[in-house]
Amino acid sequence: MLKTNTLNPLETIRKVFRSAWLQGRSSASKALILISNEAEQRTNAVDARNGGFSDSLLRRLQQKSLGLYSLLVIPSLLLWLYYGQSDTRLSRYIRGTWQGTIWHFPGFNELASRVLLDTLEALVIVALGWLFYRGYRLLTQQEPSPMAADGDAALGRTILSWTALCGAILIFTTPFHSSDIFGYLNRGFQQSVFHTNPYLTTISQIPHWQTSPLFQAHWIDNPCPYGFFFARLTDWITRWSGPSFTAAFLGFKILNGLLLVASTWLVAKISRLLGHAKPWLAAYCWGANPLVLLHAVGNGHNDIIMVTLLLLALWGLLSQRLQWTCLPLLTLSILTKYASLLAAPFILLALWRKKAMVSLLTGLGLSVLLLLWLGSGYVDPARPWPWNALLDNAGKPQHSMISLLAGGLYYPLKWFHAPAKAVQTQFLSVIKPLFWAAFTVFYGWRLWISLKGISLKASPMTEQGLLREIALVSVIMIAFISAKFHPWYPLMFLPLCLLLPEASRLRQFALIFALFQLAGFTILQNLPVLSELLLTLVPLWLTLKGSALFKQTGT
């Protein structure tokens, strides 16, 4: 009897499915290989078209630096939202919708909550500075190519998008370090609602100002310390907002957010016009810089208005068609904050060198008209101009080299119970004129060098050379000569230094100086003498020593 070879139906089904699965896996593997090869071919084609600029750098930048940066910034901004409201130093300036309240950690009293908040803030500041530096190192590892236009544009869009995202978040953050924005709005409301001159009438001179929900107890005894254009701008913003402090507050911060994105684009654009190999690196150092983000938008400082107008003026200078706009834009920048006045002689020399007489004369005429129009509503021949009050406010020693010298004299005398205050006052009356005299000589020397360079036909001074001179005198004046200095003052010269070549020692100093000023958010800023030593002289020493953190790494 023959044995019949029968198969179990379940076994048959199992074998059929196994055969189909093996065939499917083989087909899927082949498909994945084809997809991978096709993707690689597309990547190679893109890289070839972009001159070797691989999008892998973008992924690394987004995933390792900007990704981590974003994850840390969002909770840190929420922390600062509470921090600003818990800070009694700022909450006394805010009434109504933005009234600050003492915020406590559960189980902690006010002092313990403040210590814990300050500690968390210091840790977040350190982390933001480190992540910004990590992003810089990743960018400097990329070797540019003359054909990398598409890659440059992609990276530029990434940086602009990041700047816009952070700016949008910071618009809604309560100012946590400075109350200057409340002083700005005071100047606007006293014009639009109370119809008074911010230069000739102080807030404290307005009857019953304390009862108005529009006024904050900030800068109530001094006249407007800024230029005519900025005073007019605050008037326009508060007229647009109507009698609403919240609308004016958000309107001003939205304006600063838009100007931050615009200035980041301008830094990249001007860098490209100057022929720099890595314009996106300069844009990153400005638009993704935590010092710039937190002060320009988070705290709402008007330095971003001044510097954006100055960048627009420089763009007009480098453009053949827009040279006539250079001087009017520079005038608006000067009439926002007067620090831009340092650039005026150099820009005039540049227009003279270009033999752009039509643009020079047209720009001078428009500038005079702007000055007359903006100043006509503020200058009253029948009333004296408050020069003494304005100069006294600008000359108060704070966190500067002058305050370092004065503090170094004051505290030892106080320790030995000597008349420290009287000696310090007499010392300041001598040292401040000496500083100004030294800067006047230095500034005249640099102007002479520029004028001499322009007159030499064999090797005339280029736009890059004139830009270097503007950046140099601005750094010397703001960081070392001015009696008053605050951590956000680098915003006035940082973009100018970023327009210099990557190997420039002045550019390296500006970057490391701005990075060190992040410590101004911490308790370190309030340590007399020590803060000036660590936050100003240490960056200078590192730069001169040649060990600056932002040294050139590529060719």
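Predicted, not measured: the structure shown is a model, and the values here were computed from it.

### Section: the overall build of the protein
And step 1. Within the protein, the regular secondary structure consists of 21 helices and zero strands.
And step 2. Considering only intrachain contacts with a sequence separation of at least 6, the fraction spanning at least 24 residues in the protein is 76%.
And step 3. Total accessible area on the protein stands at roughly 26,400 Å², and carbon and sulfur atoms take up 67% of it.

### Let's talk about a nonpolar patch on the surface
And step 1. Together, Leu322, Trp324, Leu366 and Leu369 make up a nonpolar patch on the protein surface, roughly 350 Å² of accessible area in all.
And step 2. Assignment of secondary structure puts Leu322 in the loop between α11 (303-318) and α12 (326-334).
And step 3. Classification of Leu322 as partly exposed rests on a relative accessible area of 32%.

### Here we look at the nonpolar core
And step 1. Core analysis: the largest hydrophobic core is formed by 131 residues, its most contacted members being Trp286 and Leu330.
And step 2. It is helix α18 (residues 463-481) that provides the largest number of residues to this core, a total of eleven residues.
And step 3. Setting aside its immediate chain neighbours within four residues, Leu330 contacts Leu310, Ala313, Ser340, Ala343, Ala344 and Ile347.

### Quick word on α11
And step 1. Over its 16 residues, α11 runs 23 Å from end to end, which matches the ideal 22 Å to within 8%, given 1.5 Å per residue.
And step 2. The buried fraction of α11 is high, at 13 of 16 residues.

### Brief notes about the packing of aromatic side chains
A ring pair, where both rings are aromatic, is described by two values, the distance of the centres and the angle of the planes.
And step 1. If you walk through the whole model with that rule in mind, you get 32 aromatic pairs.
And step 2. Aromatic side chains Phe439 and Tyr443 sit 5.8 Å apart centroid to centroid with 35 degrees between the ring planes, which places their arrangement in the tilted category. Here Phe439 pairs with Tyr443, and both are found in helix α17 (residues 420-455), just four residues apart, close to one helical turn.
And step 3. With a centroid separation of 5.8 Å and 25 degrees between ring planes, the pair formed by Phe480 and Phe509 is classed as stacked. Here Phe509 lies in helix α20 (residues 505-516) and Phe480 lies in helix α18, a separation of 29 residues in the sequence.

### Some words on the environment of Ala503
And step 1. Within the secondary structure, Ala503 sits in the loop between α19 (494-498) and α20.
And step 2. The spacing of Ala503 and Phe550 is 47 residues in sequence and 9.0 Å in space, taken between C-alpha atoms.

### With respect to the packing of α12 against helix α13 (residues 344-353)
And step 1. Interhelical geometry of α12 versus α13 gives an angle of 180 degrees and a closest axis separation of 11 Å. Taken as axis vectors, α12 and α13 run roughly antiparallel relative to one another. Of the residues in α13, those touching α12 at Cys326, Leu327, Leu330 and Ile334 are Ala344, Ile347, Leu348 and Leu351.
And step 2. Per-class residue counts for the contact of α12 with α13 are eight nonpolar, no polar and no charged.

### A short note on the packing of helix α7 (residues 228-241) against helix α8 (residues 245-273)
And step 1. Interaxial distance between α7 and α8 falls to 8 Å at its minimum, and their mutual angle equals 130 degrees. Classified by the interaxial angle, the pair formed by α7 and α8 is oblique. Where α7 crosses over α8, the two elements pack in a sense that is right-handed. Note on element contacts: α8 touches α7 through Ala247, Ala248, Gly251, Phe252 and Leu255, opposite Phe230, Leu233, Ile237, Thr238, Trp240 and Ser241.
And step 2. A breakdown of the residues in the contact of α7 with α8 according to their chemical character gives eight nonpolar, three polar and no charged.

### Here's the deal with the pattern of salt bridges
And step 1. Taken as a whole, this structure holds seven salt bridges when the rule is applied.
And step 2. Notably, a salt bridge pairs Arg468 with Glu469, separated by 3.8 Å at the nearest N-O pair.

### Here's the deal with the environment of Asp221
And step 1. With respect to the secondary-structure elements, Asp221 resides in the loop between α6 (180-192) and α7.
And step 2. Expressed as a C-alpha distance, the spacing of Asp221 and Thr201, which sit 20 residues apart in the sequence, is 9.1 Å.
And step 3. Among residues more than four places away in sequence, those in contact with Asp221 are Thr202 and Ser204.

### Considerations on the confidence of the model for the protein
And step 1. Confidence in the prediction of the protein, expressed as mean pLDDT, is 79, and 75% of residues score 70 or more.
And step 2. For the protein, the element scoring lowest by mean pLDDT is helix α3 (residues 88-91), at 39; α12 scores highest, at 97.
And step 3. A low-confidence stretch, residues 28-55 stays under pLDDT 50, and its non-local contacts, those more than four residues away or across chains, total 21 contacts.
And step 4. Predicted confidence is poor over residues 82-105, with pLDDT under 50, and the contacts of this stretch with residues over four places away or in other chains come to 65 contacts.

### Focus: α7
And step 1. Look at α7: 20 Å from first C-alpha to last across 14 residues, which is about the 20 Å you get at 1.5 Å a residue.
And step 2. Most of α7 sits out of view: eleven of its 14 residues are buried.
And step 3. What α7 keeps buried is the set Phe228, Phe229, Phe230, Ala231, Arg232, Leu233, Thr234, Asp235, Ile237, Thr238 and Ser241.
And step 4. As for α7, its buried residues are in contact with α6, α8, α11, α12 and α14 (357-375).
And step 5. The first or second residue beyond α7 is Gly242, which carries a positive phi of 70 degrees.

Definitions and limits used
Residues numbered from 1 in each chain as written. Predicted model: local features only at pLDDT ≥ 70, side-chain atom pairs only at ≥ 80, totals over all residues. Heavy atoms only, no water. Helix = DSSP H or I, 4+ residues; strand = E, 2+ residues; numbered from the N terminus. Contact = heavy atoms within 4.5 Å. Areas by Shrake-Rupley, 256 points an atom, 1.4 Å probe, with all protein chains shown as cover. Patch = residues over 30% accessible without salt bridge, like charges linked within 9 Å, V, L, I, M, F, W, Y side chains within 5 Å. Salt bridge = Lys/Arg side-chain N within 4 Å of Asp/Glu carboxyl O. Buried < 20%, exposed > 50% of the residue type's maximum accessible area, 1.4 Å probe, protein only. Core = buried A, V, L, I, M, F, W, Y, C linked by side-chain atoms within 4.5 Å. Expected span 1.5 Å × (residues − 1). Phe/Tyr/Trp six-rings, centres within 6.5 Å; stacked < 30°, edge-to-face > 60°. Axes fitted to C-alpha atoms, helices over the stretch in contact; angles between N-to-C directions. Parallel < 35°, antiparallel > 145°, perpendicular 65-115°, else oblique. Nonpolar A, V, L, I, M, F, W, Y, C, P; charged D, E, K, R; others polar. Left-handed = near helix turned anticlockwise from the far one by under 90°. pLDDT = per-residue confidence, 0-100.

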